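Residues per chain, in single letters:
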Amino acid sequence: MNQADSEIVTALLRAEGFVPSADETNADIVLLNSCAVRENAEERLGNILTHLKGRKRRCKELVIGVLGCVPQFERERVFSDYPFVDFIVGPDNYRELAGLVAGLREAVARPALLDYDQTETYAGIEPVRAGSISAFLPVMRGCNNHCAFCVVPVTRGRERSVGFERVVAEVAALEKAGFREVTLLGQNVNSWRDAEKELDFAGLLEGVSLAVPSMRIRFTTSHPKDISEALVKVITARPNLCNHIHLPVQSGSSRMLDLMKRGHTREEYLDRIAMIRSYIPEVAITTDLIAGFCTETEKDHRETLSLMEAVGYDTAFMFHYSVRPGTWAARNLPDDVPDTVKKARLQEIIELQNAMSREIFRREIGKTVEVLAEAESKRSESMLMGRTPENRAVVFSRGGFNPGDTLLVKITGATSATLSGEAV
Ligand code: SAM
Ligand code: SF4
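This one's a predicted model, so the numbers in the text were calculated from it and none came from an experiment.

Caption draft 1: Examining the overall build of the protein chain more closely. Helix and strand content of the protein chain: 14 helices and 19 strands. Relative to a compact globule of 424 residues, whose C-alpha radius of gyration would be 22 Å, the protein chain shows 22 Å and is just as compact. Considering only C-alpha atoms, the protein chain reaches an extent of 65 × 55 × 50 Å along its principal axes. Taken over 424 residues, the protein chain has a buried fraction of 52%. Taking all contacts inside the protein chain whose residues are at least 6 apart in sequence as the whole, residues at least 24 apart take part in 71%. Roughly 19300 Å² of accessible area belongs to the protein chain as shown, and the carbon and sulfur atoms make up 51% of that amount.

Caption draft 2: The sheet that holds strand β4 (residues 112-113), seen in detail. Ordered by their spatial adjacency, 4 strands build an open sheet running β1-β2-β3-β4, and the pairing between neighbours is parallel. A single partner strand is all that each edge strand has here, and the edge strands are β1 (29-34) and β4. Bridge analysis of strand β3 (residues 87-89) against β4 gives 2 bridges, and the strand direction is parallel. When the sheet's bridge partners are listed, Val89 is paired in β4 with Leu113.

Caption draft 3: Representation of the domain arrangement of the protein chain in the model. Segmentation of the protein chain into domains returns domain 1 (2-113), domain 2 (134-362) and domain 3 (368-423). On a C-alpha basis, the centroid separation for the pair domain 1 and domain 2 is 29 Å. Carbon and sulfur atoms make up 55% of the surface buried where domain 1 meets domain 2, a total of about 1400 Å² over both sides. Considering only the surface of domain 1 that becomes buried against domain 2, Val37, Arg38 and Phe73 emerge as the three largest contributors, covering 34% of it.

Caption draft 4: Representation of empty space enclosed by the protein in the model. Using the criterion set out here, one finds 1 cavity of 30 Å³ or more in the structure. Volume-wise, the largest cavity comes out at about 80 Å³. Every residue along the wall of the largest cavity is listed here: Ile8, Thr121, Tyr122, Ala123, Gly124, Ile125, Pro127, Leu137, Pro138, Val162 and Glu170.

Caption draft 5: A look at the site of ligand 1. With respect to spatial proximity, 17 residues lie near ligand 1, and among them Arg38, Gln187, Gln250, Asp288 and Ser322 are the closest. Contacts to ligand 1 include Arg38, whose side-chain N or O atom sits 2.7 Å from an oxygen atom. Burial of ligand 1 by the surrounding chains reaches 91%, relative to a free accessible area of 570 Å². Those elements that place two or more of their residues in the shell around ligand 1 are β13 (284-291) and β14 (316-320). Its residues assigned to classes, the shell around ligand 1 shows 7 nonpolar, 6 polar and 4 charged.

Caption draft 6: Looking closely at the packing of aromatic side chains. As enumerated under the stated definition, the model contains 5 aromatic pairs in all. With a centroid separation of 6.2 Å and 75° between ring planes, the pair formed by Tyr82 and Phe84 is classed as edge-to-face. Plain terms: the ring middles of Phe293 and Tyr321 are 4.9 Å apart, the flat faces sit at 80° to each other, and that makes the pair edge-to-face. With Phe293 in the loop between β13 and α12 (298-311) and Tyr321 in the loop between β14 and α13 (328-332), the pair connects residues that are 28 residues apart, well separated along the chain. The structure contains a cluster of three or more aromatic residues connected by ring pairs, namely Phe149, Phe293 and Tyr321. Over the aromatic face of Phe179 sits the side chain of Arg129, whose NZ or CZ is 5.9 Å from the ring centroid.

Caption draft 7: Structural context of the site of ligand 2. Neighbouring ligand 2 are Cys143, Asn145, Cys147, Phe149, Cys150, Val152, Pro153, Gln187, His223 and Arg262. Taken together, the residues of the shell around ligand 2 break down into 6 nonpolar, 3 polar and 1 charged.

Caption draft 8: Quick look at helix α11 (residues 266-279). Along its 14 residues, α11 runs 21 Å from first to last C-alpha, staying within 8% of the 20 Å computed at 1.5 Å per residue. Within α11, the full set of buried residues consists of Arg266, Tyr269, Ile273, Met275 and Ile276. Turning to α11, the residues buried within the fold contact α9 (229-237), β12 (244-246), α10 (254-259), β13 and α12.

Caption draft 9: Examining the layout of surface pockets more closely. When its volume is computed, the second largest pocket comes out at roughly 780 Å³. As for the second largest pocket, its lining consists of 27 residues, and the residues nearest its centre are Leu13, Pro20, Ser21, Ile29 and Leu31. For the lining of the second largest pocket, the elements supplying multiple residues, two or more each, are α1 (2-15) and β1. Of the residues forming the lining of the second largest pocket, the biggest block, 7 residues, is contributed by α1. For the lining of the second largest pocket, the residue count by class is 15 nonpolar, 6 polar and 6 charged.

Caption draft 10: Molecular detail of the environment of Arg180. Here Arg180 is to be found in the loop between α7 (164-176) and β8 (181-185). In this structure Arg180 comes out as partly exposed when scored by relative accessible area, which is 25%. Remark: the alpha-carbon pair of Arg180 and Ser134, spanning 46 residues in sequence, is separated by 6.0 Å. Residues contacting Arg180, with those up to four places away along its chain left out, are Ile133, Ser214, Met215, Arg216, Leu372, Gly404 and Thr406.

Caption draft 11: The side chain of Asn243, seen in detail. The topology assignment puts Asn243 in the loop between α9 and β12. For Asn243, a relative accessible area of 15% translates into the label buried. Not counting residues within four places of it along the chain, the set of residues in contact with Asn243 comprises Ile235, Ile280, Glu282, Val283, Ala284, Pro389 and Glu390.

Caption draft 12: Layout of the pattern of salt bridges. Tallying each qualifying case throughout the model produces 30 salt bridges. Its salt-bridge partner being Arg324, residue Glu42 comes within 2.7 Å of it at the nearest N-O pair. Taken together, the residues Glu42 in helix α2 (residues 39-58) and Arg324 in the loop between β14 and α13 connect sequence positions 282 residues apart. The residues Glu42 and Arg324 share a single accessibility class, namely buried. Notably, a salt bridge pairs Glu298 with Arg345, separated by 3.4 Å at the nearest N-O pair.

What counts and what doesn't
Residues numbered from 1 in each chain as written. Chains lettered and ligands numbered in written order. Predicted model: local features only at pLDDT ≥ 70, side-chain atom pairs only at ≥ 80, totals over all residues. Heavy atoms only, no water. Helix = DSSP H or I, 4+ residues; strand = E, 2+ residues; numbered from the N terminus. Rg over C-alpha atoms; globule rule 2.2 N^0.38 Å. Buried < 20%, exposed > 50% of the residue type's maximum accessible area, 1.4 Å probe, protein only. Contact = heavy atoms within 4.5 Å. Areas by Shrake-Rupley, 256 points an atom, 1.4 Å probe, with all protein chains shown as cover. Pairing = 2+ DSSP bridges. Domains from an automatic or database assignment. Buried area = accessible area lost by both parts, 1.4 Å probe. 1 Å grid on protein atoms, 1.4 Å probe; cavity = no way out; pocket = protein on both sides within 12 Å on 5 of 7 lines; lining within 4 Å. Points joined across faces, edges and corners; volume = space filled by probe spheres on them. Near = heavy atom within 4 Å. Polar contact = N/O pair within 3.5 Å; in protein donor to acceptor, adjacent residues only side chain to side chain. Nonpolar A, V, L, I, M, F, W, Y, C, P; charged D, E, K, R; others polar. Phe/Tyr/Trp six-rings, centres within 6.5 Å; stacked < 30°, edge-to-face > 60°. Lys NZ or Arg CZ within 6 Å of the ring centre and 35° of its normal. Expected span 1.5 Å × (residues − 1). Salt bridge = Lys/Arg side-chain N within 4 Å of Asp/Glu carboxyl O.

Below, the structure written as structure tokens:
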């Protein structure tokens, strides 16, 4: 989401005559688009800012702005912690950014644009995209859920969706511009709605897939409680909708899920997985997991491990819990799992996931899979990197193929993260 936002910010600034610098050390203005979702993302922001402090000391003219979720949530604290930061701008205020920078010299105080705008979707802004094959397209912003651990509703406000016609027009424009794949983005993408057209996310997926039949379509992130049978049926019916669902579970313990306010139990989650697999047996399912949430016991943790085994996730994003000020958990629950225990549990989760990924990937050896080539491999010009519809990375000897081509690859090798093979 932040990459997509940075692409919007680049477009807004370019339209006002600002030019992106290829080399950060030459830039007159440095903008950091920040993430507040976990403590270590915030720490990384702090490390980069500390590094920039030296540059600012040597060059007083350098302008430093912090954008995104950290200032939205920490507000003026960013100024007090980092006195050399010139301005802060929250996720709903990027349209005013160019004007703010242009007026900086006359500004009497350091500007802070942190108003929520419940209608802002940046629809109509054509992002300056980083790549030319696969594009991110935010179709909704904000989140109406209140997961106890999560700061997103505080930083990004209430849910709002981009209208159906607009999304379809934007994917059509991407196809025309040569993109081969689009990922529809939202914090809770499957609660997308177009009230006027009485369409839900299944309707959007169908419409998009029909509008651009030559493109691959992905979406993330789906909330387990909003995965409908209608949505899964659309995926089976439309060949360009990828066989991959990212379905964060966070914990395998119903007690934890209740404390986390996720809106479903372990059993309900497993029922959803069974429903998905009954329609799409070959689907790849990935997830997010949190180790060591408030009051988590060894028994709860074991339930997470057993749920992972029951589902057989392709891959997972795995984190240890960090308290986020302003959240329900920060106000109401004790952060009582010691750090060492959180980290040990996370390590166990990671090891189990790696072993399962290795096995799932190993089972692909000998198969011929469809791959969209994305780029040259980092290791060699004679190799390309691409992805299967299940979102598995494949490195293969390129033959006569180029990034942007869709081709068949015979899989000859696998690690826990990558498949390798030969173009057929
Ligand atoms: N909306 C998505 C959902 O509900 O599944 C997830 C969005 S959240 C930005 C991405 C992931 O960060 C979450 O799924 C969760 O695993 C993790 N996360 C969020 N808050 C966290 C916290 N306080 N500590 C550790 N991990 C956290
Ligand atoms: Fe955060 Fe929950 Fe919303 Fe996901 S659904 S963004 S975890 S509040």
